[in-house]
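Residue-level listing of the chains:
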Amino acid sequence: MRRRRAAGDRPAPGQRPAVVVVVGGGFAGLFAARTLERLLPPEAADLTLISATDHLCYSPLLPEVAAGRLDPRRIAVPLRAVLHRTRVVQASVEDVDFGRRTLRVVADHGPVDPVHWDRVALTTGSVTRTLPTPGVATYALGLKTLVEAQYLHDHVLRQLELADGARDPVERRARLTFVAVGAGYTGTETAAQLQHMTTTQRDRFPRLRSEDLRWVLIDVAPTILPELGARFGRAAMQVVRARGMEIRLGTSVTAMHHRSVSLSDGDTLPTHTVVWTVGVTPPPLVRHLGLPVRRGRLAVDDHLQLRDGVWAAGDSAAARDPFSGTDADYPPTAQHAQRQGVVIARNIAASLGHGSPRTYRHRDLGLVADLGGASGVARPLGLPLTGPAAKVVTKGYHLYALPSAANRLRIGADWLTNLVSRPIAAQVGLVEPEAARLAREQPGAGAVGHPVTGSASDGEPIAPA
Ligand SMILES: Cc1cc2nc3c(=O)[nH]c(=O)nc-3n(C[C@H](O)[C@H](O)[C@H](O)COP(=O)(O)OP(=O)(O)OC[C@H]3O[C@@H](n4cnc5c(N)ncnc54)[C@H](O)[C@@H]3O)c2cc1C
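This is a predicted model, so every value here is computed, not measured.

(A) Structural view of the site of the ligand. As a structural note, the neighbourhood of the ligand is formed by 33 residues, with A28, S59, V93, D315 and A334 the closest of them. When the ligand is considered free in solution it has 1000 Å² of accessible area, and contact with the protein chains removes 93% of it. Elements represented by at least two residues in the shell around the ligand include exactly α1 (27-39), β2 (45-51), β6 (92-97), α7 (185-201) and α10 (334-351). Looking at which element gives the most residues to the shell around the ligand, the answer is α10, with three residues. For the shell around the ligand, the residue count by class is 16 nonpolar, 15 polar and two charged. Counting the residues that make up the shell around the ligand, at least three belong to each of domain 1 (7-52 + 91-126 + 282-351) and domain 2 (136-279 + 366-436).

Set out below in structure tokens:
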């Protein structure tokens with residue numbers, strides 16, 4: 001009787017095209033697959049990319065989606081549009097068998113056959129860090145996915161609507177109090193841009209006064225935007241404070257409740273909106289692999305390799321940053337993820353006899369932060385910029401960094417339109433509250449298994465009905 005061939009005893013690469021699988025279609029994954037297409041001829045490798053979403057989410061522009069300045073699809077780069085030879089599979093990888101060199105994969109309709117690999121790249125990104133703060137999982141709103149950004153946009157507009165109709169001044173005050181927790185670039189940009197949206201839309205709600213709007217930005221750290229340095233933190237603070245934002249530093253959230261949030265300074269703020277942006281952590285798959293980690297991220301060497309035939313890059317991977325002056329790892333940013341994606345592709349190709357391996361070394365180019373209106377702060381290549389100059393550099397950088405001309409064109413057109421016309425402020429109600437739960441358990445929230453139709457929030461955070 002003919003023995004069925006097991007996944008583990010396939011002919012070796014060289015006798016057939018090597019099977020190269022990239023897990024994750026974000027910055028690291030997309031750039032890895034694109035580079036592999038360039039470096040490896042079709043007869044040398046079959047390329048597959050498995051990702052929970054069918055697109056790369058250009059997350060640096062998520063705050064603009066939340067603020068209604070861009071439609072969600074503008075920042076979604078379809079993987080199939082930019083990859084030409086790679087087989088794209090929309091599914092979640094649940095486990096990696098390193099001995100048999102297979103992946104356990106689950107698609108929308110259920111488990112599919114294990115996928116064999118000769119070389120695998122793990123680029124599964126990160127999910128929102130929740131901390132063991134009571135109530136966060138139930139009441140906090142995140143900003144890590146397109147679904148969350150769209151939900152947050154609708155939710156904030158809905159608060160204006162409900163406050164406008166509220167007779168009870170206590171309820172009105174709570175609905176018009178918006179709290180953002182975490183003052184890194186995600187939290188600060190999001191709070192600043194949403195505050196700008198509520199301020200500029202307020203005149204369409206005749207019963208609301210500007211002074212009724214209250215935005216509070218909270219962080220346990222002594223400054224905001226620590227990634228940009230103390231000077232820029234102060235500059236950004238001046239901008240948002242001048243617009244009326246309260247900034248509470250050295251303060252943390254001790255608990256979140258149905259309609260309020262408790263702070264470490266003993267204060268309780270009645271609110272229906274808490275945006276939670278306290279940082280990221282790798283997704284469940286990384287923890288599940290049982291491989292060495294640093295701060296939860298897969299500990300890779302300076303070639304971004306984990307073990308024989310396995311590489312990792314992006315937010316999921318911890319690679320020592322020789323430029324940090326300490327033993328810190330490279331920060332989890334798109335800037336590094338994208339460049340690491342290219343390096344793992346080069347190293348995978350080299351392992352198959354095409355080119356030579358590279359180490360990963362990249363000195364940070366600096367960060368940019370758009371604060372809404374004409375304001376921004378940026379430190380491109382160490383050059384300090386604030387105000388409209390920073391804003392122009394920020395926009396220019398994003399257009400340059402977007403990996404698709406079609407997205408670039410549409411975003412550029414939207415930005416020009418926003419200069420002469422207010423963004424369309426309408427709740428489209430496409431996201432179910434359940435689908436917008438903090439994207440921590442399901443890696444590709446908004447993709448596999450996530451409903452994206454239904455009614456908008458009734459104004460409650462994502463608490464059970
Ligand atoms: C609001 C916001 C603003 C930001 N602004 C900036 C900025 O200005 N500059 C900057 O440099 N960085 C910024 N970042 C950080 C940047 O987005 C990340 O560092 C970057 O996305 C990391 O790239 P990645 O490829 O590692 O992960 P991602 O881009 O997150 O991609 C991971 C991919 O893996 C998929 N995936 C996860 N688990 C699985 C699985 N088990 N099976 C299959 N697929 C899976 C996901 O669906 C996703 O497609 C920002 C992030 C956010 C949230």
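(B) Quick look at the domain arrangement of the protein chain. In terms of domains, the protein chain is made up of domain 1 (7-52 + 91-126 + 282-351) and domain 2 (136-279 + 366-436). Between domain 1 and domain 2, the contact holds eight residues from the first and six residues from the second. Across the interface of domain 1 and domain 2, roughly 510 Å² is buried in total on both sides, 43% from carbon and sulfur atoms. The three residues of domain 1 that bury the most area against domain 2 are S126, T333 and Q335, which together make up 51% of that side's buried surface. Between domain 1 and domain 2 we count zero salt bridges in total. Taken together, domain 1 and domain 2 are joined by one residue pair in polar contact (both at pLDDT 80 or more). Put simply, the parts of the chain that give the side of domain 1 that touches domain 2 at least two residues each are α1 and α10.

(C) Representation of the environment of V280 within the structure. On the secondary structure map, V280 appears in strand β18 (residues 280-281). Judged by its relative accessible area of 33%, V280 is partly exposed. V280 sits 36 residues away from S316 along the chain, and the two C-alpha atoms are 9.9 Å apart. If near-sequence neighbours (up to four positions away) are discounted, V280 is found in contact with S126, V127, R129, K144, D315 and P332.

(D) Region of the structure containing the pattern of salt bridges. Summed over the entire model, instances satisfying the criterion amount to 18 salt bridges. R214 serves as the salt-bridge partner of E246, at 2.6 Å between the closest nitrogen and oxygen. With E246 in strand β13 (residues 246-249) and R214 in strand β12 (residues 214-219), this pair connects stretches of sequence that are 32 residues apart. Notably, a salt bridge pairs D265 with R248, separated by 3.3 Å at the nearest N-O pair. Residue D265 is found in the loop between β15 (260-263) and β16 (268-270), and its partner R248 is found in strand β13; the two are separated by 17 residues along the sequence. A residue is classified by how much of its surface remains accessible, and R248, at 16% relative accessible area, is buried. Within this structure, E64, R69, D370, K391 and K395 form a network of salt bridges that share partners.

(E) Representation of the layout of surface pockets. A volume near 400 Å³ is recorded for the second largest pocket. Lining the second largest pocket are 26 residues, with R69, K395, W415, N418 and L419 positioned closest to its centre. When contributions to the lining of the second largest pocket are tallied by element, the ones reaching two or more residues are α7, α11 (387-401) and α12 (405-420). Grouping the constituent residues of the lining of the second largest pocket by class yields 11 nonpolar, 11 polar and four charged.

What counts as what
- Residues numbered from 1 in each chain as written.
- Predicted model: local features only at pLDDT ≥ 70, side-chain atom pairs only at ≥ 80, totals over all residues.
- Heavy atoms only, no water.
- Near = heavy atom within 4 Å.
- Areas by Shrake-Rupley, 256 points an atom, 1.4 Å probe, with all protein chains shown as cover.
- Helix = DSSP H or I, 4+ residues; strand = E, 2+ residues; numbered from the N terminus.
- Nonpolar A, V, L, I, M, F, W, Y, C, P; charged D, E, K, R; others polar.
- Domains from an automatic or database assignment.
- Contact = heavy atoms within 4.5 Å.
- Buried area = accessible area lost by both parts, 1.4 Å probe.
- Salt bridge = Lys/Arg side-chain N within 4 Å of Asp/Glu carboxyl O.
- Polar contact = N/O pair within 3.5 Å; in protein donor to acceptor, adjacent residues only side chain to side chain.
- Buried < 20%, exposed > 50% of the residue type's maximum accessible area, 1.4 Å probe, protein only.
- 1 Å grid on protein atoms, 1.4 Å probe; cavity = no way out; pocket = protein on both sides within 12 Å on 5 of 7 lines; lining within 4 Å.
- Points joined across faces, edges and corners; volume = space filled by probe spheres on them.

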